[in-house]
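Observations on chain architecture
Given next are the chains, with one letter for each unit.
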Amino acid sequence: MDGKTLARVGAIIFVSVAITATAIEMTRKEERPAVRPTPVLEEAEDPLREGQRRCQQMGEAAARDSECLRIWAETRDRFLGSRTVPRRADEGR
């Protein structure tokens with residue numbers, strides 16, 4: 001066989017293998033992962049959160065409200081992880 005014929009036979013074999021692999025891949029069915037419904041968690045009543053919402057709705061007046069100031073201090077302590085007792089305004093520094 002001459003080189004030209006050998007190259008043609010090689011190309012035909014390569015193309016037939018590629019077509020066969022494509023046909024096998026296209027007929028394969030993908031298995032989709034089972035979808036489980038996400039459980040709905042009910043939030044427990046948090047009086048601190050309710051207080052935060054109330055202070056948020058008060059707007060600028062919340063900056064002068066002692067209850068809002070206490071709630072913000074408690075929120076800050078909870079966020080930062082500190083358990084120190086906040087100083088009262090009437091205590092000396």
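Residues numbered from 1 in each chain as written. Predicted model: local features only at pLDDT ≥ 70, side-chain atom pairs only at ≥ 80, totals over all residues. Heavy atoms only, no water.

1. What about the overall build of the protein chain?
We apply this condition: Numbering of helices and strands starts at the N terminus; helices are DSSP runs of H or I of at least 4 residues and strands are runs of E of at least 2. The protein chains shown are the only cover counted for residues, whose accessible areas, like all others here, come from Shrake-Rupley with a 1.4 Å probe.
The secondary structure content of the protein chain amounts to 3 helices and 0 strands. Along the chain direction, N to C, the helices and strands of the protein chain fall in the order α-α-α. Approximately 9,300 Å² of the protein chain is accessible, and the part contributed by carbon and sulfur atoms is 57%.

2. What to know about the nonpolar core
Going by this rule: Think of a nonpolar core as a cluster: buried Ala, Val, Leu, Ile, Met, Phe, Trp, Tyr and Cys residues, connected wherever their side-chain atoms sit within 4.5 Å. For the exposure calls, accessible area comes from a 1.4 Å probe over protein chains only, and a residue counts as buried if that area is under 20% of its type's maximum, exposed if over 50%, partly exposed in between. Contact definition: two residues touch when any of their heavy atoms are within 4.5 Å.
Counting residues in hydrophobic clusters, the biggest one holds 5 residues: Leu48, Cys55, Ala62, Cys68 and Ile71. If you list the elements that add at least two residues to this core, you get α2 (47-58) and α3 (66-80). In contact with Cys55, other than residues within four places in its own chain, are Ala62, Cys68, Ile71 and Trp72.

3. As for the state of the cysteines
Where we set the bar: We call a pair of cysteine sulfur atoms a disulfide whenever their separation is within 2.5 Å.
Summed over the entire model, instances satisfying the criterion amount to 1 disulfide. For Cys55, the disulfide goes to Cys68, at an S-S distance of 2.0 Å. Disulfide Cys55 to Cys68: torsion about the S-S bond roughly -105 degrees, handedness left-handed. Placement of the pair is Cys55 in helix α2 and Cys68 in helix α3, with a sequence separation of 13 residues. Here Cys55 matches Cys68 in class, with each residue buried.

4. Some points on α3
Applied cut-off: How far a helix is expected to stretch is found by multiplying one less than its residue total by 1.5 Å.
Relative to the 21 Å expected for 15 residues at 1.5 Å per residue, α3 spans 21 Å between its end C-alpha atoms, a close match to the ideal helical length. Among the residues making up α3, those that are buried are Cys68, Ile71, Ala73 and Asp77. On its buried face, α3 is in contact with α2. With its phi angle positive at about 80 degrees, Gly81 sits one or two positions after the end of α3.

This is a description of form; function is not addressed.
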